[in-house]
Amino acid sequence: MAKKVLKKKVQRKVAVQNTTAPAMESAREIWLAGLGAFNVAQQESGRILEQGSKLFEKLVAEGGKIEQKTRKDVVGAIGSIRGEVENRVEGVRQQADAVRKQANDNWDKLERIFEDRVARALSRLGIPSKDDVSGLAEKVQKLAREVSDLGGKKSTATARVKVVAKTKKDVAKNVPATKTAVRKVVRKKVAKKSA
């Protein structure tokens, strides 16, 4: 049995040598092919670099043309979008102005309604309005002038001041007084002064 094991070992060594020889030869050929490729690449690199440079310049020129065309298209698109946005913004502004105006109008109407209702309520209570008091004050001043013209005894300024002061007090006390009541008060005062 020992002879068989030895035979197998010897056969293996010979077989290894037979199979390694072609592999070594293939590796050497691959190495040589790589060296050849490197040499060709070096020789061709100058020519390829020159062609590559020309190709690069051509690509840059084409890129510039495309960029100009794209910019023109983009600027046109942006201009139309900007115009559309501005139109929409203007529409929104107009709507906001219309709403603001409507709100102001409604507020004014509400104020008028409130003022009218308050004036009616004060009128029902017998409280004169600002216009009524102003009208009475004007009439009192007119009557005071007439009285001073009729009286003649005292200076017109002094008489006017006294009459206006007294009639204002009377008007303030008798707020719901009518025109005839004011006339009666003024006549009585005129009668007292002239007597």
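Residues numbered from 1 in each chain as written. Predicted model: local features only at pLDDT ≥ 70, side-chain atom pairs only at ≥ 80, totals over all residues. Heavy atoms only, no water.

Engineer: Break down the overall build of the protein for me, with residues and values.
Structural biologist: Within the protein one finds four helices and zero strands. When the elements of the protein are put in sequence order from the N terminus, they spell out α-α-α-α. For the protein, restricting intrachain contacts to residue pairs at least 6 apart in sequence, the fraction spanning at least 24 positions comes to 57%. Accessible surface computed for the protein: about 17,000 Å², of which carbon and sulfur atoms make up 60%. (Helix = DSSP H or I, 4+ residues; strand = E, 2+ residues; numbered from the N terminus. Contact = heavy atoms within 4.5 Å. Areas by Shrake-Rupley, 256 points an atom, 1.4 Å probe, with all protein chains shown as cover.)

Engineer: How would you explain the pattern of salt bridges if you had to name every residue and give the values?
Structural biologist: What the rule picks out here adds up to six salt bridges. Between R93 and E90 there is a salt bridge whose closest N-O contact spans 3.8 Å. With R93 and E90 both in helix 1 (residues 2–124), this residue pair falls three residues apart, about one helical turn. Classification of E90 as partly exposed rests on a relative accessible area of 37%. (Salt bridge = Lys/Arg side-chain N within 4 Å of Asp/Glu carboxyl O. Buried < 20%, exposed > 50% of the residue type's maximum accessible area, 1.4 Å probe, protein only.)

Engineer: Could you give an account of a negative patch on the surface, with specific residues and numbers?
Structural biologist: A surface patch of like charges, here negative, comprises D108, E111, E115 and D116. Of note, D108 is situated in helix 1. (Patch = residues over 30% accessible without salt bridge, like charges linked within 9 Å, V, L, I, M, F, W, Y side chains within 5 Å. Lys, Arg positive; Asp, Glu negative; His and termini not counted. Charge placed at Lys NZ, Arg CZ, Asp CG, Glu CD.)

Engineer: With reference to specific residues and values, describe helix 2 (residues 130–151).
Structural biologist: Here helix 2 is 22 residues long and its end C-alpha atoms lie 31 Å apart, about the 32 Å a rise of 1.5 Å per residue gives. All of the buried residues in helix 2 are L136, V140, A144, V147 and S148. An end-on view of helix 2 places all buried positions within 110° of arc, on one side of the element. Projecting away from the buried face of helix 2 at angles above 90 degrees are the exposed residues D131, E138 and D149. (Expected span 1.5 Å × (residues − 1). Arc of directions from axis to C-beta.)

Engineer: Break down the side chain of S148 for me, with residues and values.
Structural biologist: When you line up the elements, S148 lands in helix 2. In this structure S148 comes out as buried when scored by relative accessible area, which is 7%. Within polar-contact distance, the side chain of S148 engages the backbone oxygen of R145 at 2.7 Å. (Polar contact = N/O pair within 3.5 Å; in protein donor to acceptor, adjacent residues only side chain to side chain.)

Engineer: Residue-level account of a nonpolar patch on the surface, with values.
Structural biologist: The grouping of F114, V118, L122, L125 and I127 at the surface amounts to a nonpolar patch, some 480 Å² of accessible area in total. Checked against the element boundaries, L125 lands in the loop between helix 1 and helix 2. By relative accessible area, L125 is classed as exposed at 65%.

Engineer: Quick rundown of the confidence of the model for the protein? Include the residues and the values.
Structural biologist: Taken as a whole, the protein shows an average pLDDT of 75; of its residues, 68% reach a score of 70 or greater. When mean pLDDT is taken per element in the protein, helix 2 scores highest with 85 and helix 3 (residues 156–173) scores lowest with 57. (pLDDT = per-residue confidence, 0-100.)

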